[in-house]
Amino acid sequence: MRMIQGRIGTDGVAHSRHTALRPTFCARWVALALRTVLTALTALITVVESPEARSQDSASSLPVSMPAGTTYEVVDAFPGLRFPPGRDDILGLTSPPRRTNELFATGQNGTVLVITNLAEPTRSVFLDLTDRTFRGAPSIEPGLVGLAFHPQYDLNRQFFVFYTRTNSATRKMYDTLSRFETDPANPARALASSEKILFSQVDVWPERQGGDLQFGPDGYLYVSLGDGGGHGGILNSQRIDKDFFSGILRIDVDGRTGSLAPHPHAALGTGYRIPPDNPFVGARSFMGKSVVPGAIRTEFWAVGLRNPFRMAFDSLTGELYTADVGEVRVEEINRIVRGGNYGWNFLEGQSPHSGARPLAGTLRPPLFQYGHAATDQGVHGKAVIGGMVYRGPRYPGLQGKYLFADYASRQVVALNLNGTGKATASVLATTPRGITGFAIHPLTGEILMVERDGGRIVKIVDRSEDLPKAAPEPSP
């Protein structure tokens, strides 16, 4: 967003406002001088961002509070530990399997940072890819976004990164999924030279890359992908025979017996195969139209998503949930199923968006959606960020609920996953800056969140634990 004299429109983008100045003849020199100074100051504070940045400037006066009816509050998880915006720009947070004293933060500029000794945390650089990462304008989209550790990380030292790779020769940006390994002589440090590219796809617009990575309970790697931005909503969505956009992939990074080779594509490197039960293996048609079998991207697990920036598995049920960032009307939460089509770009949420809508029943409605207009107590915002289904003993009131946030409105929300009716949501708290990722503290079980623009990691606290307990009734 450009910080200029003007107004914030309903789309969250600044629009310039030119007011005709009619100074008297005697005041013209003063007006001219003031205008010159104002122009210089405006130039100094101008920041250019992708429209997808969903700037929080319009919400900067929102209080940090616990909404009526809740006892939850957001506080600093590691006081004194900071990740300066502009240098680190951390987006996400995760920990390797079976590790209880380490957290890893994805730094958008191309670094993965490791936080150790969580009781008295220290930070250091685990992986440095700044020499090959395309960062672009200061939005929350391009850069190093996704990080997932192999389920057998303790044995094979492997982890996976999704980032936008720059190519100085072609001067293009590539959405890239790569595997790395740690240094066998120093497991606390990754080897940038160990990179093995699984795919690296040219992208023409620095927004809506998606890029979250999660290993499922089946041991396969799931990759979320946006539509690429720009005109990608039209060109890249509702296709399974073109490129790797607008959906979720499911791939086998271990080369299991029975897995299949991917179909040829210019973006492909090496290092993965296709699970044989992926939904589009052997398909000959899609949405009522014929497709060439050899051109099908059999990597797809689900399609029809605009920008699934974050996704997560329910550790109890194994179900996959994703928060899909909307365009101009609504934000949505989806429960992802095998072969599901979630409607973009025919639909935005449940509203028509573009093109002829396919036959009823072919598209899956969102589990929950909300609008962009602010209300007194309701959920609202312009950039939904998932999220997790909470399963743990620390917050009894959140058990089994899907937690998400909105980067623009700064709300933290709990969604009641009602299996027999419509999902309902309640706002738990607001945060000083927008949230870009969730995680569980591997030692304490606390719910952690990343405030990219605040440069810190925060946590949810249930203040009901601090309330005085009622005295027991006296025995008769």
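Okay, so let's go over this structure. (Residues numbered from 1 in each chain as written. Predicted model: local features only at pLDDT ≥ 70, side-chain atom pairs only at ≥ 80, totals over all residues. Heavy atoms only, no water.)

Attention now moves to the pattern of salt bridges. Note on pairing: side chains with opposite charge can pair once their charged atoms come close. According to the stated counting rule, one finds 30 salt bridges in the structure shown. A salt bridge links Arg456 to Asp76; the nearest nitrogen and oxygen atoms lie 3.8 Å apart. With Arg456 in strand 30 (residues 456–462) and Asp76 in strand 3 (residues 72–76), the pair connects residues that are 380 residues apart, well separated along the chain. With relative accessibility at 17%, the residue Asp76 sits in the buried group. Salt-bridge contacts for Lys242 lead to Asp243; the nearest nitrogen and oxygen are separated by 3.1 Å. Overall, the relative accessible area of 28% leaves Lys242 in the partly exposed class. (Salt bridge = Lys/Arg side-chain N within 4 Å of Asp/Glu carboxyl O. Helix = DSSP H or I, 4+ residues; strand = E, 2+ residues; numbered from the N terminus. Buried < 20%, exposed > 50% of the residue type's maximum accessible area, 1.4 Å probe, protein only.)

Take unusual backbone geometry next. With an omega of 10 degrees, the peptide bond running from Trp344 to Asn345 counts as cis. Mapped onto the elements of the fold, Asn345 is located in the loop between strand 20 (330–336) and strand 21 (347–348). With an omega dihedral of -5 degrees, the bond running from Gly386 to Gly387 counts as a cis peptide bond. With respect to the helices, strands and loops of the structure, Gly387 is situated in strand 24 (residues 384–389). In this structure, Asp89 is a non-glycine residue whose phi angle is positive, near 45 degrees. As for its placement among the helices and strands, Asp89 is situated in the loop between strand 3 and strand 4 (90–94). With relative accessibility at 6%, the residue Asp89 sits in the buried group. Unusually for a residue other than glycine, Arg410 sits at a positive phi of about 70 degrees. Residue placement: Arg410 occurs in the loop between strand 25 (402–406) and strand 26 (411–416).

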